[in-house]
Amino acid sequence: MIELTGLQVKDFIHPEESVAWNALMKATWLKRLLDWLGSYQARLELKTNLLGNTFGVTREDMPELYCMIREVCDVLDYRQPIQVYVYRSSDLDIKIYYGDTPVLIYPDFILNDYDRDMIRFETGRAVTMLKSDNAQLRVALWAAIPLVSGIPAVGEVAVPVLASWLRKADYTEDRGGLLVCQNM
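In this text the structure is predicted, and so the values were computed from the model without any measurement.

Below, the discussion takes up the overall build of the protein chain. When helices and strands are tallied, the protein chain shows eight helices and four strands. Shown N-terminal to C-terminal, the secondary structure of the protein chain runs as helices and strands in the order α-α-α-β-α-β-β-β-α-α-α-α. Split into buried and exposed, the 184 residues of the protein chain put 45% on the buried side. Across the protein chain, every contact between residues at least 6 apart in sequence was considered, and the portion connecting residues at least 24 apart equals 67%.

Below, the structure is given as structure tokens:
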């Protein structure tokens, strides 16, 4: 098997997401607003969701999961340390919070019911989201959509554009998940 390493998101970004991302980032006021909203919303959710709802796990608690996360990070060339938390839920997605040290929050459903390849795929999606800054932008967009929806002229244009970008970002994250699996 040929092992891919050192991948950059720009190497596998969905072409339509790249176009949408560049269009979004040309509006510097929008970028500043989204950065502020994303940072504020992430800090708020991190404090409210981590307190009492989840528990942190260490490398000693779950060595196989930490080994898999390290492998995923090596393939995607993501060098920032990651904290891992677990919570009881039947959710199908890993929650992501970013900051000085990014946090991946795994629902126990994924850890108990997914096989190794599916956990690796989902972890690859999450690390791709962190590496591409999509995690921060997603949080900002979910906070911004209700704000712009209330302004008819802006909402009619902005909401479909933002929703379209979110869908294209999903494609890129799926590509990242498939790349870390490296299973043809």
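This part is about the packing of helix α4 (residues 63-75) against helix α6 (residues 116-131). Where α4 contacts α6, the axes come no closer than 10 Å and their chain directions differ by 50°. On the basis of the axis angle, α4 is oblique to α6. The hand of the α4/α6 crossing is right-handed. Residues E64, L65, M68, I69, E71, V72, C73 and V75 of α4 form the contact with α6, whose own contacting residues are R116, I119, R120, T123, G124 and V127.

Calculation notes
Residues numbered from 1 in each chain as written. Predicted model: local features only at pLDDT ≥ 70, side-chain atom pairs only at ≥ 80, totals over all residues. Heavy atoms only, no water. Helix = DSSP H or I, 4+ residues; strand = E, 2+ residues; numbered from the N terminus. Buried < 20%, exposed > 50% of the residue type's maximum accessible area, 1.4 Å probe, protein only. Contact = heavy atoms within 4.5 Å. Axes fitted to C-alpha atoms, helices over the stretch in contact; angles between N-to-C directions. Parallel < 35°, antiparallel > 145°, perpendicular 65-115°, else oblique. Left-handed = near helix turned anticlockwise from the far one by under 90°.

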